[in-house]
Amino acid sequence: MTLVGNWSYPTAIKFGAGRIKELPEACAAAGMKRPLLVTDKGLADLPITLTTLDILEAAGLGRGLFSDVDPNPNEKNLETGVAAYNEGGHDGVIAFGGGSGLDLGKMVAFMAGQNRPVWDFEDIGDWWTRADADVIAPIIAVPTTAGTGSEVGRASVITNSATHAKKIIFHPKVLPTVVICDPELTVGMPKFITAGTGLDAFAHCVEAFSSPHYHPMSQGIALEGMRLVKEYLPRAYADGTDIEARAQMMSAAAMGATAFQKGLGAIHAMSHPVGAVFNTHHGTTNAVCMPSVLEFNAPFIAGRFDTVAAYLGIEGGFDGFRAFAQDLNDNLGIPRRLSDLGVTETSIPELVQGALVDPSCGGNPIELTEDNLTALFKAAL
């Protein structure tokens, strides 16, 4: 099988090793002549970023770069990025990197022409209609990790630095116009990032499949996404140069983010406030929370995960799947407890309040109340 494709669901995706070279053509398709590449601080000086800037410069597109992006990007990063975009006379954004660079880049394109604060566009009801859609700049997304799937998403997660709450900012036009998925860009990822981002993709698929909402297309995508993670994440972790494993994980990441249109649940509702308060890696935090959430949701999801286990070749139905999820964490060096990430029992009330207002609550098969969230945090601690 040749791992190359041109896809238009959920948006135009140029997938395949070496396709970063097609970035100038993607800029032309998006109408960009002076793009700003937005990435995080850790990627700014790495060869993959410098090579990408060389490609842009050689095509006469400049080498505009903004990299003042924290691991959990906040409104301060966004304000600085919007200023850099406007002062540089840019006409589009290349969101480049893992979840932080992708999310912040999309928000720079979204906010550059708006006159209201970013919190006015939180993913609540029809708040997205408050935005002036005509001034949203075009976006190209280039993931360099295989996990968040933000490259195919219509929203970004931004942390409020004052309240330490993560907020989801949504607008249909935040969906990138073109995505370049080049698995060669992920080859240099450290093992712990490979594990954490890969398990983020796995959590997206697990929660989408668990969601009670009706979306059979997402259900099928989530199921196959779980299979790809099971087969290829251990390979990518063991050998970062395994380009087939890297490619399949990049597919799984995009699939997870496409699938969770069906909904997310308690894993993300817990992970978001933990990340905001303790600055933990999002995917790793998801992985730590997953075993407790699977047990909590068991009365409603055990039957459907019997089917998942059979499809993945796991014996023992739901119980076998739950054991597999814990074994996968262990084999990838993931801590078993939230306390291993620095979470304390005294912080649980604050974390519960953050989880209660997180939009991810809506996709859990069991309603998330203050009492059962408190129990879940204690179980994961």
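Let me begin by describing the structure that accompanies this report. (Residues numbered from 1 in each chain as written. Predicted model: local features only at pLDDT ≥ 70, side-chain atom pairs only at ≥ 80, totals over all residues. Heavy atoms only, no water.)

Helix and strand counts for the chain stand at twelve helices and nine strands. By the compact-globule yardstick of 21 Å for 381 residues, the chain fits well, its C-alpha radius of gyration being 20 Å. Taken along the three principal axes of its C-alpha coordinates, the chain extends 55 × 45 × 35 Å. Within the chain, the proportion of its 381 residues that are buried is 58%. Taking the contacts inside the chain whose residues are at least 6 apart along the sequence as the reference set, 76% of them involve residues at least 24 apart. Total accessible area on the chain is roughly 14,600 Å²; 54% of this is exposed by carbon and sulfur atoms. (Helix = DSSP H or I, 4+ residues; strand = E, 2+ residues; numbered from the N terminus. Rg over C-alpha atoms; globule rule 2.2 N^0.38 Å. Buried < 20%, exposed > 50% of the residue type's maximum accessible area, 1.4 Å probe, protein only. Contact = heavy atoms within 4.5 Å. Areas by Shrake-Rupley, 256 points an atom, 1.4 Å probe, with all protein chains shown as cover.)

Counting 76 residues, the largest nonpolar core has Phe202, Met226, Met270, Phe305, Phe321, Leu338 and Phe377 as its most contacted members. Excluding residues within four positions of it along the chain, Leu338 makes contact with Met270, Thr285, Val288, Cys289, Val343, Phe377, Ala380 and Leu381. (Core = buried A, V, L, I, M, F, W, Y, C linked by side-chain atoms within 4.5 Å.)

Along the chain, the position of Thr49 falls in helix 2 (residues 47-58). Overall, the relative accessible area of 0% leaves Thr49 in the buried class. At a separation of 2.6 Å, a polar atom in the side chain of Thr49 contacts the main-chain carbonyl oxygen of Leu43. Contact partners of Thr49, with chain neighbours within four places excluded, come to Leu37, Thr39, Leu43, Ala44 and Phe96. (Polar contact = N/O pair within 3.5 Å; in protein donor to acceptor, adjacent residues only side chain to side chain.)

Pairing of side chains with opposite charge becomes possible as their charged atoms draw close. The tally for this structure, following the rule as stated, stands at 13 salt bridges. A salt bridge links Glu122 to Lys167; the nearest nitrogen and oxygen atoms lie 3.7 Å apart. Here the residue Glu122 occupies a position in the loop between helix 4 (99-111) and strand 6 (139-143), and Lys167 occupies one in strand 8 (residues 165-170), the gap between them amounting to 45 residues. For Asp319, the salt bridge is made with Arg322, and the minimal N-O distance between the two is 3.0 Å. Of this pair, Asp319 and Arg322 both sit in helix 10 (residues 317-331), three residues apart, which is roughly one turn of the helix. Given the relative accessible area of 25%, Arg322 is considered partly exposed. (Salt bridge = Lys/Arg side-chain N within 4 Å of Asp/Glu carboxyl O.)

So, on to the side chain of Lys262. Along the polypeptide, Lys262 turns up in the loop between helix 7 (243-259) and helix 8 (266-278). No salt bridge is formed by the buried Lys262; its nearest oppositely charged neighbour, Glu207, is found at 11 Å. In terms of polar contacts, Lys262 uses its side chain to reach the backbone carbonyl oxygen of His213, at 3.5 Å. Look past the residues within four positions of Lys262 in its chain and what remains in contact with it is Ala208, Phe209, Ser210, Ser211, Pro212, His213, His215, Ser218, Gln219 and Arg304. (Lys, Arg positive; Asp, Glu negative; His and termini not counted.)

Let's shift gears to helix 9 (residues 282-312). Look at helix 9: only 25 Å from first C-alpha to last across 31 residues, short of the 45 Å you get at 1.5 Å a residue. The largest bend along helix 9 measures about 95 degrees and falls at Ala298, with the proline Pro299 one to four residues further on. (Expected span 1.5 Å × (residues − 1). Bend = angle between axes of the 7 residues up to and from the residue.)

A few words on the pairing of strand 7 (residues 155-160). As paired strands, strand 7 and strand 8 are joined by six bridges and run antiparallel to one another. Following the sheet pairing, Val157 is matched in strand 8 by Ile168. The hairpin formed by strand 7 and strand 8 contains four residues between the paired strands, and His164 there has a positive phi angle of roughly 60 degrees. (Pairing = 2+ DSSP bridges.)

So, on to the packing of aromatic side chains. Evaluated as defined, the whole model comprises seven aromatic pairs. With 6.2 Å between their ring centres and 90 degrees between their planes, Trp128 and Phe170 make a pair best called edge-to-face. Highlighted residues: Trp128 in the loop between helix 4 and strand 6 and Phe170 in strand 8, separated in sequence by 42 residues. Of the residues examined, Trp128 reaches a relative accessible area of 31% and is grouped as partly exposed. Between the aromatic rings of Phe202 and Phe324, the centroid separation amounts to 6.1 Å while the plane-to-plane angle is 80 degrees, which identifies the pairing as edge-to-face. Residue Phe202 is located in helix 5 (residues 191-210), and its partner Phe324 is located in helix 10; the two are separated by 122 residues in the primary sequence. For the residue pair Phe202 and Phe324, the accessibility class agrees, reading buried in each case. A connected cluster of aromatic rings, assembled from ring pairs, spans Phe202, Phe209, Phe305, Phe321 and Phe324. When the ring centre of Trp127 is taken as reference, the NZ or CZ atom of Arg130 above it lies at 4.2 Å. Here Lys191 stacks its cationic end above the ring of Tyr237, 4.5 Å away from the centre of that ring. (Phe/Tyr/Trp six-rings, centres within 6.5 Å; stacked < 30°, edge-to-face > 60°. Lys NZ or Arg CZ within 6 Å of the ring centre and 35° of its normal.)

Spatial strand order, 1-2-9-6-5-3-4: seven strands in an open sheet with mixed pairing. In this open sheet, the two strands that pair with only one neighbour each are strand 1 (5-7) and strand 4 (64-66). Within the sheet, the average angular offset between the axes of one strand and its neighbour, ignoring direction, is 20 degrees. As judged from the three bridges shared by strand 3 (residues 36-38) and strand 4, these two strands associate in the parallel manner. Looking at strand 4, one finds that Val38 is bridged to Phe66. Against the sheet, helix 3 (residues 75-87) engages strand 3, strand 4 and strand 5 (93-97), with an angle of about 165 degrees to strand 4. (Axes fitted to C-alpha atoms, helices over the stretch in contact; angles between N-to-C directions.)

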